[in-house]
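Here is how the chains run, residue by residue.
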Amino acid sequence: MARTKIKEILLSERTDYSVTVKGWVRTFRNNQFIALNDGSCIDNLQIVIDLNTDEHLIKKITSGASISIDGIVVASQGKGQKVEIKATQLEILGLCNGEEYPLQLKNRPSLEYLREIAHLRFRTNTFGAVFRLRHSLAFAIHEFFNKRGFVYIHTPIITGSDAEGAGEMFRVTNLPFDNPPRNEDGSVNFAEDFFGKSTNLTVSGQLEAELAAMAFSEVYTFGPTFRAENSNTTRHLAEFWMIEPEVAFNNLKDNMDLAEDFIKYIIQYALDNNRSDLEFLAQRLIEEEKQKPQNERTEMGLIEKLEFVVTNQFERITYTEAIEILLQSPAYKKKKFDYEVKWGVDMQSEHERYLVEKHFKKPVIVTDYPKDIKSFYMRLNEDGKTVAAMDILAPGIGEIVGGSQREERLENLQQRMQEMHIPAEEMQWYLDTRRFGTVPHAGFGLGFERIVLFVTGMTNIRDVIPFPRTPKNAEF
Ligand code: 4AD
Ligand code: MG
């Protein structure tokens, strides 16, 4: 018989029909009740087996073992589920050695420990919920842009451009490390390298997306990006995924509207389609919060927080206003910030979090940053000091989006590149967009794992990507 997914059986609540189900044993009680999970949803299906089942077979039904069951769906006598399976046939597909099975622990395994067994952590409730949500968010992202007529552009992962300056890059080469070909001055001769030049893993698909936006008007990228910064924080990965829409004819306000609609859309999608996963994670968060001192606890539950975000306007302030708020804040006056607050200095995460968590208590879009702390491609404002940049800051996380209106005026762009020592010779392909039918345009980048963190309520970014890459760690 064809396999039926557990989610389908539990959702329909229909009874009195035969099914085949397959999955992994979560628990086995009283030699009679199996809790079976196949990953289709967070809930397990209860299988009731005949008490006279062969003793040898019974011994093989251990946590982690994979089994196939034929049976009848019946109304459940027990609490906790509406339907269960009365097994007529049980086959062991794969044994699981209980003594060695890492998830067999009596105490709940820690998230840190589970990271070391990433091949098995998918099987826990927490990570099942997290990765089903990650999938839904990815799907919702494509759906959002598709509905609006955006074209999905695959920008290169290996890039010959290192101009974005978004972070330190990983070099891609097949030259021999011990004895690379050298130029006369002793430097490595990349003309001999695979691509005939020096290449790296991309830090962003934006510059290439801009080229496509100059033809399709509305495009987006969704791909892996790589940054070799040595930031060992709960919000940084060396390999992460980024969504970068780029829209011709948009100004900064349009860009903010798009970003806000986009974030609300994908969160709403998760609320509508992953309710039981979110409920599980909300409960998990409540338990985690209990461990914290009273003053560090968040006031809102996870689902409440997500509903709040989709129904309320994001606050919009300029960088200058943000600095003013920080300078007036009790935290500043009581010298609670570690880093300096003054106009012209980049905000640190403690400042961003003060603004969203203490002051506004909602997502905040900060615009018009000083030009010296932002990228060369951001459009210079009339004041000559600030650029049309925008960062979106989220409670509990800080920056989730960075973007801007782009400098579409050739001379201004060349001037900024010179000031910031960006080699114009290598960037002619980019400057050409400003030579051949330039238009005002804008875009932004959403860090995918940051939004997954926000939606799942997890605290460490390593726990929302299946195989995290961080300094000194590239296991699996
Ligand atoms: O602010 P960033 O550096 O902006 C760009 O790369 C622009 N090219 C985007 C654009 O305008 N098209 O990065 C964008 C977002 C950040 O706001 C953050 O959410 C995420 O990417 N991000 C990271 N996420 C995880 N680990 C890291 N090391 C990250 N660095 C940035
Ligand atoms: Mg940024």
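Residues numbered from 1 in each chain as written. Chains lettered and ligands numbered in written order. Predicted model: local features only at pLDDT ≥ 70, side-chain atom pairs only at ≥ 80, totals over all residues. Heavy atoms only, no water.

### Notes on helix α7 (residues 252–273)
Alright, step 1. In a regular helix each residue adds 1.5 Å, so 22 residues correspond to 32 Å; α7 covers 32 Å between its end C-alpha atoms and thus fits that length.
Alright, step 2. Where α7 starts, the residue carrying a side-chain oxygen 3.1 Å from the main-chain nitrogen of Lys253 turns out to be Asn251. (Helix = DSSP H or I, 4+ residues; strand = E, 2+ residues; numbered from the N terminus. Expected span 1.5 Å × (residues − 1). Polar contact = N/O pair within 3.5 Å; in protein donor to acceptor, adjacent residues only side chain to side chain.)

### A word on the side chain of His351
Alright, step 1. Inspection of the secondary structure puts His351 in helix α12 (residues 349–360).
Alright, step 2. In this structure, His351 is in contact with Leu326, Phe337, Tyr339, Glu340 and Val341, ignoring residues within four places of it in sequence. (Contact = heavy atoms within 4.5 Å.)

### Considering the sheet that holds strand β7 (residues 158–159)
Alright, step 1. Taken in spatial order, the 3 strands make up an open sheet running β7-β9-β8, and their pairing is antiparallel. Of all the strands in the sheet, just β7 and β8 (171–172) have a single pairing partner and so form its edges.
Alright, step 2. Judged from the 2 bridges that link them, β8 and strand β9 (residues 199–201) form a sheet pairing that is antiparallel. Bridging from a neighbouring strand, Val172 pairs with Thr199 of β9. (Pairing = 2+ DSSP bridges.)

### Digging into the domain arrangement of the chain
Alright, step 1. Structurally, the chain comprises domain 1 (6–103) and domain 2 (125–168 + 203–463).
Alright, step 2. For domain 1 versus domain 2, the separation of C-alpha centres amounts to 44 Å.
Alright, step 3. Each partner contributes residues to the interface: domain 1 has 5 residues there, and domain 2 has 6 residues.
Alright, step 4. If you sort the residues of domain 1 by the area they bury against domain 2, Arg26, Gly39 and Ile42 come out on top, with a joint share of 81%.
Alright, step 5. Between the two partners, domain 1 and domain 2, sit 0 salt bridges.
Alright, step 6. Seen at the junction of domain 1 and domain 2, the total is 2 residue pairs in polar contact (both at pLDDT 80 or more).
Alright, step 7. Residues of the side of domain 1 that touches domain 2, tallied by class, amount to 2 nonpolar, 2 polar and 1 charged. (Domains from an automatic or database assignment. Buried area = accessible area lost by both parts, 1.4 Å probe. Salt bridge = Lys/Arg side-chain N within 4 Å of Asp/Glu carboxyl O. Nonpolar A, V, L, I, M, F, W, Y, C, P; charged D, E, K, R; others polar.)

### Concerning the sheet that holds strand β12 (residues 315–318)
Alright, step 1. Reading across the sheet, the 8 strands line up as β6-β10-β11-β16-β15-β14-β13-β12 and stay open at both edges, with mixed pairing between neighbours. Single-partner strands in this sheet number two, and they are β6 (151–152) and β12.
Alright, step 2. Here strand β11 (residues 239–248) pairs with strand β16 (residues 441–447) via 5 bridges, running antiparallel. Bridge pairing in β16 links Ala248 to His441.
Alright, step 3. Taken strand by strand, helix α15 (residues 448–456) contacts β10 (218–226), β11, β14 (386–394), β15 (398–405) and β16, and its axis lies near 55° from that of β16. (Axes fitted to C-alpha atoms, helices over the stretch in contact; angles between N-to-C directions.)

### Here's the deal with a positive patch on the surface
Alright, step 1. A surface patch of positive charge is lined by Lys334, Lys336, Lys358 and Lys361.
Alright, step 2. For Lys361, the position within the fold is in the loop between α12 and β13 (364–370).
Alright, step 3. On the basis of relative accessibility, which here comes to 47%, the residue Lys361 falls in the partly exposed class. (Patch = residues over 30% accessible without salt bridge, like charges linked within 9 Å, V, L, I, M, F, W, Y side chains within 5 Å. Areas by Shrake-Rupley, 256 points an atom, 1.4 Å probe, with all protein chains shown as cover. Lys, Arg positive; Asp, Glu negative; His and termini not counted. Charge placed at Lys NZ, Arg CZ, Asp CG, Glu CD. Buried < 20%, exposed > 50% of the residue type's maximum accessible area, 1.4 Å probe, protein only.)

### Details of the pairing of strand β1 (residues 17–29)
Alright, step 1. As paired strands, β1 and strand β4 (residues 66–75) are joined by 8 bridges and run antiparallel to one another. Bridge assignment links Trp24 to a residue of β4, and that residue is Ser66.
Alright, step 2. Strand direction decides the pairing type here: β1 and strand β2 (residues 33–37), joined by 5 bridges, are antiparallel. When the sheet's bridge partners are listed, Trp24 is paired in β2 with Asn37.
Alright, step 3. Between β1 and β2, which pair antiparallel and follow one another directly, the connecting turn spans 3 residues, one of which, Asn30, has a positive phi of 50°.

### A few points about the nonpolar core
Alright, step 1. Core analysis: the biggest nonpolar cluster contains 69 residues, and Phe262, Ile263, Ile267, Ile400, Phe448, Ile451 and Val455 have the highest contact counts within it.
Alright, step 2. There are two domains that each give this core at least three residues, and those are domain 1 (6–103) and domain 2 (125–168 + 203–463).
Alright, step 3. Apart from residues no more than four positions distant in its own chain, Ile267 is found in contact with Leu306, Val309, Val310, Phe454 and Val455.
Alright, step 4. Ala331, Val356, Ala389 and Met427 belong to the second largest nonpolar core, which has 32 residues in total. (Core = buried A, V, L, I, M, F, W, Y, C linked by side-chain atoms within 4.5 Å.)

### Details of a nonpolar patch on the surface
Alright, step 1. The grouping of Ile157, Ile158, Phe194 and Phe195 at the surface amounts to a nonpolar patch, some 390 Å² of accessible area in total.
Alright, step 2. Considering the arrangement of structural elements, one finds Phe195 in the loop between β8 and β9.

### Observations concerning the pattern of salt bridges
Alright, step 1. According to the stated counting rule, one finds 26 salt bridges in the structure shown.
Alright, step 2. With a closest N to O distance of 3.0 Å, Arg134 and Glu449 form a salt bridge. Pair noted here: Arg134 is in helix α5 (residues 125–147) and Glu449 is in helix α15, with a separation of 315 residues, a long-range link.
Alright, step 3. The salt bridge partner of Glu419 is Lys371, with a shortest N-O separation of 4.0 Å. Taken together, the residues span a long stretch of sequence, with Glu419 in helix α13 (residues 410–419) and Lys371 in the loop between β13 and β14 at a distance of 48 residues.

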